[in-house]
Structure formats: structure tokens, C-alpha cells
Amino acid sequence: MIRKVLFRLHLSVALAAGLFIVTMAATGVVLACEDAVMSLAERRRSVAVREDTPRLAPDDIVQAVEVWGARSGDPFTATSVEYRNRPGAAVQVHAGRDGRVFVDPWTGEVVGGGFPLLEGFFEGVRGWHRWLGVPAGAVRKGRAVTGAANVAFLFLLLTGPLLWLPWRITKKALVENVVFRRGIRGPARQLNWHYVVGIWSVVPLVVISITGVVMSYPGVGDRVYPVVGAVMGGGGGAPDRGVGEEGGGAGLAGALAVAESRVPGWRSIVLTLPRPDVAQLRVDVRTGRRGQPQKAAVFTIDRGTGVLVSVESFRDETPGHRAQEFLRYAHTGEYWGLAGQALAGFFALAVVGLAWTGFTVALVMWRLRRGRRSG
């Protein structure tokens, strides 16, 4: 009796929230490919390495970009300069949040702009994933729906393993529910696939679902973040030794020299252009990919002398903020780098498979039940 009630609840929730869950899963698969696609696109802006030519200073690159913008009739006001530690990588000069150009660090030539169509596509997919692509005025309602879908999905994941257990628990019955069976067709095959995919995906999907619920409901996050932050470590980040020692020189060039020397294994360095009245420079240094805050640090460097004033890394954040960052990027798998992101995309694709096989089995059961009633 309990199993029958549980099955009806599982089926009802799946049918009610299935479309929203599939939408979020399908968009999650697309977003899991974003970093890889954008990296491939940015490699099209690679430049020839000139080992016999000194690299231009950041100030010279900014000046070259602003001159280029003035000549093209589209003024470009630089706000930050980003370096990538890859052979042939162009320097990226950003103008605010959306504008950017790629510059040859040896010649100062602008080799291309950003990728507005590609970036706009992923931004649209992200909007569908977070609030179902509703207009700006209805984002709050869209978030409410996706939050409810996250809760419904968590309920399905918690009740699914209970329904996965066979009526008679034997070794043979358990094995048949964890491997794809051969020689079966129709609803039996769909049910077998539903069982197998579900049981092998349940743990990572529970992680994805719980982190989604926490982000959907700030009230839940306020209670979860302190608990998670209390048990997790501070993570890595750039070393903080050498604060107050002799600097690398004045201006952006000196700040870049300090960051490169203090973090030999850096992956990206972002120099934020300060206002004229600001005496310090902000330099963001990453040794990992985007979405790995435990491998990032912020250097504060004196603008006039190039002396390193302070270093703030992931371990210096409050436990609650560390937990917030961890759960945010654990949801997408980015916290564990490219491998974690690929696995998150794979299990999001598994959700689409679970929805399809579950709907197929439910449709067959409905037809059989309808036939029995009419008979």
C-alpha cells in the first residue's frame, strides 16, 4: 500500500513538474559546454609569438586600443586588461561588462572584438535555465517556478531509489536494475533504462538539486551557508608572502610584474584600471578556471611604488561566503574544473533521458489502464 501511494506521488509530481525540469536540464547541458565553446572561439584571436620583441606595457596597450577606437569612430573606454598564460594568447582589453577587444601584446594591433552573438546565445540559455526566459518584469515569477521545480526534482530523486527496489529483493533482481538488459523491448526496456540511469545518477543529481534549491531560496541559503562554511576548508589561492617588500615598479606594468613573479603558475591576470585619484591598483590572479574561487586571489598594489600592499584569497573570506561560492559552482561542476563541468553536463543529459523513459512508461500504463476500464 505504501509503495503504491509513493508511486502515485512520484508519478504525479513528475507529470506536474516534468516540463520545467527537462527545460532546466536541457539548458544545463548547453551551459556545460559554454567554457569549451568560448575557449575555442577565443583561440581564433591568437597571435604570433615574437620571442625577439619585447612585450608592450599594459599602459601602451590601453593607449593603442583607445586610439583605435577614436579612429574607428566608436570610442573605447578601457576598464581592465586581462592576460592569459597561454602561448599566442592575445591581451583582452575590457570596456565595462560587455565590451572587449583582443590585442596583440607585441604590436598593439587590435586583432578582433568579442563574440556578441555567441555570448548572447549563452546568456539567453542562462535566462531560460534560471527563470524560464520570461521578460524582465516577470523574472521573480520565473524564479519561483524554477525554485519549485528544483524542490519537485529533489522529491523525485529521494523517492526514486525506494521505487527502484524490486518487490522481492534478490541478487538477480538487484543486478537487473543496475545494468542494461538485452533482449527486451517496449515498455520493459524503457523501464529498465529508467531504473539503470536513475540509480547511477542519483547521487550527483541530488547534489545538483540541493545546490539549486539553496540558490533558489535565499532563506534556505542563509541557514545552509554557515553550516557548510564551518566544515569546509579555506581552499588554496595565491601565496600571501612578500607583502610590503620591494615592488616591481610604478603603474600597471609594475603591478603585472608583481603578480607574475609572486604566482609563477598563474592562469589569468586581470588589471583593473583605477581612477586618477586612486592610489592603489587591484589585480585579480587566477591559477584555475572560472568557477574555481579556491584558486583565485586579489592583490592590492601601490600605484606609485609597485609594492604589494595586501593579498586576499579564498581562505580569507568568511565561512558563509566560502560556502556560498562553493555551492554556486558545485551546482555547475565548475568548482572541480573542466572535468566537473563535463560531468555536470552529462548528468543533466541523464535527466532528459529519465524524463523520456518515465513519460513513455507512464503513457503505456495509462493506455493499459484505460483499456481495462473500457473492457
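These notes cover the structure that comes with them. (Residues numbered from 1 in each chain as written. Predicted model: local features only at pLDDT ≥ 70, side-chain atom pairs only at ≥ 80, totals over all residues. Heavy atoms only, no water.)

## What about helix 9 (residues 251-262)?
Going by this rule: Only DSSP runs of H or I covering at least 4 residues are called helices, and only runs of E covering at least 2 are called strands; the numbering of each starts at the N terminus. Between the first and last residue of a helix there are one fewer steps than residues, each counted as 1.5 Å, and that sum is the expected span. For the exposure calls, accessible area comes from a 1.4 Å probe over protein chains only, and a residue counts as buried if that area is under 20% of its type's maximum, exposed if over 50%, partly exposed in between.
Over its twelve residues, helix 9 extends 17 Å from the first C-alpha to the last, a length consistent with the 16 Å expected when each residue adds 1.5 Å. Turning to helix 9, its buried residues number three or more, namely Leu 252, Gly 254, Ala 255, Leu 256, Val 258, Ala 259 and Arg 262.

## Section: the packing of helix 5 (residues 139-164) against helix 7 (residues 186-216)
Rules: To get an axis, fit a line to the C-alpha atoms, keeping to the stretch in contact for a helix; angles then go from 0 to 180 degrees between the N-to-C directions. Note on angle classes: values under 35 degrees are labelled roughly parallel, values over 145 roughly antiparallel, values of 65 to 115 roughly perpendicular, and the remainder oblique. Working rule for handedness: look at the near helix, and if it is turned counterclockwise from the far one by less than a right angle, call the crossing left-handed; if clockwise, right-handed. Here, residues are in contact when the closest pair of their heavy atoms is within 4.5 Å.
It is at 9 Å that the axes of helix 5 and helix 7 come closest, and there the two elements cross at 150°. Classified by the angle their axes make, helix 5 and helix 7 are roughly antiparallel. The chirality of how helix 5 crosses helix 7 is left-handed. Between helix 5 and helix 7, the contacting residues are Gly 147, Asn 150, Val 151, Phe 153, Leu 154, Leu 157, Pro 161, Leu 163 and Trp 164 on the first element and Tyr 195, Ile 199, Val 202, Leu 205, Val 206, Ser 209, Ile 210, Gly 212, Val 213 and Ser 216 on the second.

## What to know about the pairing of strand 2 (residues 91-95)
Under the convention used in this document: A pair of strands counts as paired when DSSP detects no fewer than two bridges linking them.
In terms of burial, strand 2 is largely enclosed, as four of its five residues are buried. Pairing between strand 1 (residues 80-84) and strand 2: three bridges, direction antiparallel. By the bridge assignment for strand 2, Ser 80 is matched with His 94. Counted between consecutive antiparallel strands, the loop separating strand 1 from strand 2 contains six residues, among which Gly 88 sits at a positive phi close to 80°.

## So, the pattern of salt bridges
Note the following rule: A pairing counts as a salt bridge when a side-chain nitrogen of Lys or Arg comes within 4 Å of a carboxyl oxygen of Asp or Glu.
The full count for this structure, using the stated rule, is twelve salt bridges. Salt-bridge contacts for Arg 84 lead to Glu 82; the nearest nitrogen and oxygen are separated by 2.7 Å. Judged by relative accessible area, Arg 84 falls into the partly exposed class, the value being 32%. One connected set of salt bridges, linked through shared partners, spans Glu 34, Asp 35, Glu 123, Arg 126, Arg 290 and Glu 334.

## Remarks on the environment of Gly 69
With respect to the secondary-structure elements, Gly 69 resides in helix 3 (residues 58-72). Along the primary structure Gly 69 and Ser 261 are separated by 192 residues, whereas in three dimensions their C-alpha atoms are 32 Å apart. In this view, Gly 69 contacts Asp 74, Pro 75 and Phe 76; residues no more than four positions away in its chain are not counted.

## What to know about the packing of aromatic side chains
The following threshold applies: Geometry of aromatic contacts follows a simple scheme: Phe, Tyr and Trp rings, the Trp one being its six-membered ring, pair when their centres are within 6.5 Å, and the pair is stacked under 30 degrees between planes, edge-to-face over 60, tilted otherwise. Here, a charge over a ring is recorded when the distance from Lys NZ or Arg CZ to the ring centre is within 6 Å and its angle to the ring normal is within 35 degrees.
Enumeration over the complete set of coordinates arrives at six aromatic pairs. An aromatic cluster of at least three residues, connected via ring pairs, comprises Phe 326, Tyr 335 and Trp 336. One residue, Arg 3, lies across the ring of Trp 167, its end atom 4.6 Å from the ring centre.

So far we have only geometry, and geometry alone does not tell us how the molecule works.
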